[in-house]
Structure formats: C-alpha cells, structure tokens
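# An overview of the molecular structure
So you can see what is in the structure, the chains are spelled out below.
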Amino acid sequence: MSKGEDEGPGCHWDLHNAPTSIHCPVQHGTVPDPHPLRLPTTACHSDDMISMLTSQTGHPAIQGPPHTHTTTNPYPPPLPHDPVHSMFKILPAEGDREWHVGDELKVWIQMNDFQGLPRHQGGDFLVTRLHSPDLGAGVAGQVHDYRNGSYLAVFPLLWEGSAWVEVTLVHPMEAVAALQRLRREHPDRVFYKSLFRLGRESETTLCNVCLPTNHQPLCNFTDAHTGDPWFCYKPKRLSCDTRVDHAVGGFKKQLLTDQEKLLFQSGVNIKIHIHASGHDSIAVLPKKTFFSIQSSATKRLIKVPPSGYYLNGVWKALDGFTKHQFNDSSATTRCLKGKVIHIYGDSTVRQWFEYLNTFLPELKEFNLHSPKKIGPFMAVDSVDNILLTYRCHGPPLRYSTVPASQLRYVANELDGLAGGENTVVILSVWSHFSMFPLKYYIHRLRHIRRALLRLLNRAPGTLVVVRTPNLQALSPEVSLFNSDWYSVELHGVLRAMFQDLDVEWVDAWEMTLAHHLPHNLHPLPSIIKNMLDVALSYICPQQTKNISGH
C-alpha cells in the first residue's frame, strides 16, 4: 500500500458539480482484463455505466426509482404519501377464480396520498412476498412500476395450501429522492479516523475515500496494486508511515431538510405494510393434470424466476440446482474434507465462519489474537484436513478498530492464492459501500473481477461463491447510510459485474425477503443455515440424500 504525503492536486469531494459530484484521482491496475466488461468510455462520469450495469441483471429485486430533479421546492406538501390509505388487491378482483400450483398470482397495488387520493407518480420502493406461516413457506414477488402510482406484484404459485400476500413500502418516492441527494452531496456522511503513533507521541486524524481540499496535507494510502483510494489528514508532528489503525469516526447529523425529515419516520413511512382491499390470501390447489387453454394462452409476467423459495422452513432452489440439507456436523465435515475455504468480505459473511466454527466439533479455531468481530480468523480440522479462514475487505470499514497492518484488499488476497479443485473462495462485499457513489463500488468490484479471472485462469477448478446483499431493519438513522434502497442498487451492480464469470450465487436478498423472520443486517441462524446449505451444495454437488441428512 503506497503511503506518503500527497503531492498531487489532492482528493476532494466537489459538491457543486452535479450530477457526478465527486472528483478523486483513481489509479488503475496495470494488469489488463482478458475479458473486459463492455462499459461506456466515460466511466469516470459513471451515470451511464451505473444505469447499464443495473439494467443488465434482469434481477427481480432491481426496481430503480426515477432520477429526481432538484428545485427550490422539489416535494409536494409534507407527507403527501400515506401507506395507511394505500391498498393492494388480488386479481381478478371479482368473480370466482381457482389458483393452482404453477400459476401466477397478480396483485394490483395503488399508492394514495394522505387524503386517500391516488398518487400519479411511481418510484416508490416496495418489496413483496407470498407466504404461508402454517407451511413455513415463502417466496419473493416481482414488482412492476407503471410510473403512475400503481404497481403490479407477481408471484409464482409453488405450494399447495394457503398463501398470504404481504406488500411493504420500504421508502416512498420522495424518501428515495432524499437518499439519492445524500449520496450525491454527502458521500462523507460516515467518517473515519486513524491513529498515528511514534513512541509516546500520538495523533488521530480523519480519513476517507476522498477528503475536502482545505490546504491541509494528506497521507495517501491508495493501494498500489488496485488503485483503491484512501486518504488521511497528515498528522502535524508525525509522518504518514506511523499509522497504527483504522476505525469508524462517526456519522454526520442534520443532513435532512425539515420536509425530508418527515419522510423518515418509524411506524409511519419506513417499512410499513400496506393493507388489502378485500382478501389478502388465496387457497392454492394442486397442479393441473390436464392441458388448460386459458393458462397456456395467458401471457406470463415473470420473465426471470425467483432463485428459490421456502417450504417447511427449507430453501428450495428454482434454477435446476439441487440443494441438499446438511443437518448434522458429520455430513458437513465429509463435504469439507480436504478443502481450503477462504472467506473474504464484511460481517454478513463473517457469520458463515462463526456458524461453521461452532457447528463443526472437530474444527478448532487457531488463536491469532485478532480483534473480536474483525479478524483475521482461522480454524483447522487436522484430522479431516480442513482449513477455514476469514478476512475482512479493505476500507471503507465501519468497524471499531482495525490494525493498519490488517487492511487488505480482496483483489490482492485473491492474487496470493494458488487455487485448485480443493479451494473454495467465498465473497461478500457490499454493506460498507452503501453511502458512496456507485462508481467507487464499481471500481472495487472491477479489480476483484480481474483478480477472479486471473485465479480461475491459473486454477480452473477453484470454486467461487458470491453472497449477495440482504435486507435489514431500518430506523430513520440507519436509512440515511445503509438503506435497503442503497443495498438493492449495490445488488444490481454486483450481479452485472460478475454475471459472466464462472461463479456461484447465494441469493441473500431473496432468502431474507421470503423468510418470516424480521429483516436484520446479520440474518438469524435459521437463515444462515439455509445459506450455508446452498454454499455446501455447490461444494459437494454429488452428495446423496442419506449423506446430506435428508
């Protein structure tokens, strides 16, 4: 990692030049990508690239709100949107209708204002699921925005019995516009710090991807290999190479206007269920055994099927992939025997290390004296020749304190792997990038992508598993820097960046949306178990039912 006083023009947030308000010198790696993405040439002005990346995925979770203009009064009167007066209706609204397994269920959603009058704009962030508490079943729905205040949610019918519709307003359109503004104008709303120390003298300075140019010298910690930018203000009496650690410094306050504050109220307009007009459930009959002219002639609206669904609390894949259940530790140990598993990323995938370390009795964690919840961590089963490691990705990191010596970038770590048929790489890089403009996330993923291409080229048998973002609980404060709306945009970029690579996916977004448990940044153990069953099924596709614990 390069370090030293920055001698260039400096890295700064330019808050006056919209729509791309950030200008920062970014160094690019020197190793060419043998399979480059077809990206616009104006990549540093990333609006076109972002739009193309998110539109390439065809993923049902991607629901882009309109780019909202900024005027002297960009919003209608306070609280124009009222989920209490909004409604959804199962279609067809009248007459008798039978639903069978294999059919599609269509639900019309109408968003109304606080007077109960229909809205005439789209862009609200809605998520939907179809579920059955009695059957432990659930599947995510796809939402189609007609841009006139009405929406259509579509669900595949995958199980017999009861099915209940749930429609949730995550954020109204005006709140999404405020989130867009915050990312554009206040990408530094989470700030970081580093301790510099030499002998008895120490100083703490602010750090970030970019820092305002106020003629104060900077320490440039931009990675020499990937070009990922990172800067700290230079201590007044110490040199840049005396940096000891990295930590989150805090969160900026008072970023919203008075009108915007009304758009982020728990119990009012953040993750509020919308009620049904009429029935909110249906009875699903067995799959038809005869040819139906009506069903064959009906145009199916689900173009990209969900990745899976829950039944009896167990995730079932829908893409032809055979998922096994690893219900006992012996089956899991047999699957991982002789394997080296490297886990890189944020705390949402650190949970996988913690789960396996607890679940497998012969796996013993080696004490590296690493900071709790940060790592790096390593566990070994010497009898079955299993090595499990975890390392967090490089900054930005919203952790308490990380030793500077342990700040490693995923792309560089991948370049250090030999790989091979007994090597598994698991990646989850998303949550800590939510407050930054998407071009910084794209830059990070581009270099991880190139490193994966190099790894898969030199060791084609290496298995790579990518965990997607997931939904989480949202308070007014959390919404401003880690909203599900930011996560769904990161999800779209992640899918697009890696879609043509030989990697496997664990769809954490749908696995948390379809489940009955409350949304949580760190999903609860039953969801983690299902995620790991998917990952283990990729590692051991040949496992039979009796070995897998069925």
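Residues numbered from 1 in each chain as written. Predicted model: local features only at pLDDT ≥ 70, side-chain atom pairs only at ≥ 80, totals over all residues. Heavy atoms only, no water.

### A closer look at empty space enclosed by the protein
Gaps left between atoms show up when a probe the size of a water molecule is rolled over them. Inspection of the entire model under this criterion finds seven cavities of 30 Å³ or more. The volume enclosed by the second largest cavity comes to roughly 70 Å³. Around the second largest cavity sit Val209, Asp228, Pro229, Pro395, Pro396, Phe433, Phe436, Tyr440, His443 and Arg444, which together line it. (1 Å grid on protein atoms, 1.4 Å probe; cavity = no way out; pocket = protein on both sides within 12 Å on 5 of 7 lines; lining within 4 Å. Points joined across faces, edges and corners; volume = space filled by probe spheres on them.)

### Considerations on the sheet that holds strand β22 (residues 377-381)
Strand order across the open sheet formed by seven strands is β21-β22-β23-β20-β25-β26-β27, with mixed pairing between neighbours. Where the open sheet ends on each side, the last strands, each with one partner, are β21 (364-366) and β27 (504-506). Neighbour to neighbour, the strand axes of the sheet diverge by 20° on average, direction disregarded. Across four bridges, the pairing between strand β25 (residues 423-428) and strand β26 (residues 463-467) is parallel. Residue pairing for β26: Val425 is matched across the bridge by Val464. (Pairing = 2+ DSSP bridges. Helix = DSSP H or I, 4+ residues; strand = E, 2+ residues; numbered from the N terminus. Axes fitted to C-alpha atoms, helices over the stretch in contact; angles between N-to-C directions.)

### Things to note about the pattern of salt bridges
Applying the stated criterion across every chain, the model contains 22 salt bridges. Linking Glu201 and Arg237 is a salt bridge whose minimum nitrogen-to-oxygen distance equals 2.4 Å. Of the two residues, Glu201 is situated in strand β12 (residues 201-208) and Arg237 in the loop between β14 (231-233) and β15 (245-251); the sequence distance between them amounts to 36 residues. Since its relative accessible area comes to 56%, Arg237 is described here as exposed. (Salt bridge = Lys/Arg side-chain N within 4 Å of Asp/Glu carboxyl O. Buried < 20%, exposed > 50% of the residue type's maximum accessible area, 1.4 Å probe, protein only.)

### Thoughts on the confidence of the model for the chain
With 81% of its residues at a pLDDT of at least 70, the chain reaches an overall mean of 85. Low confidence marks residues 7-49, where pLDDT is under 50. Its contacts with residues over four positions away, or in another chain, come to 102 contacts. Per-residue pLDDT stays below 50 along residues 54-79; that stretch engages in 60 contacts with residues further than four places along the chain or on separate chains. (pLDDT = per-residue confidence, 0-100. Contact = heavy atoms within 4.5 Å.)

### Description of the packing of helix α8 (residues 438-458) against helix α10 (residues 484-498)
Interaxial distance between α8 and α10 falls to 10 Å at its minimum, and their mutual angle equals 30°. Taken together, the axis directions place α8 and α10 in an arrangement best described as roughly parallel. As α8 runs across α10, the sense of the crossing is right-handed. Contacts between α8 and α10 involve Leu438, Tyr441, Ile442, Leu445, Arg446, Ile448, Arg449 and Leu452 from the first element and Glu489, Leu490, Val493, Leu494, Met497 and Phe498 from the second. (Parallel < 35°, antiparallel > 145°, perpendicular 65-115°, else oblique. Left-handed = near helix turned anticlockwise from the far one by under 90°.)

### Some words on the packing of aromatic side chains
Overall, the coordinates contain 11 aromatic pairs when judged by the stated rule. Plain terms: the ring middles of Tyr192 and Trp230 are 5.3 Å apart, the flat faces sit at 65° to each other, and that makes the pair edge-to-face. Of the two residues, Tyr192 sits in strand β11 (residues 190-198) while Trp230 sits in the loop between β13 (218-220) and β14, which places them 38 residues apart along the sequence. You can call Tyr192 buried: its relative accessible area is 0%. Each member of the aromatic cluster is reached from another via a ring pair, and the members are Phe353, Phe377 and Tyr390. Lying over the aromatic face of Phe221, Arg243 brings its terminal NZ or CZ to 3.8 Å of the ring centre. Cation over ring: Arg495 sits above Trp505, and NZ or CZ is 4.5 Å from the ring centre. (Phe/Tyr/Trp six-rings, centres within 6.5 Å; stacked < 30°, edge-to-face > 60°. Lys NZ or Arg CZ within 6 Å of the ring centre and 35° of its normal.)

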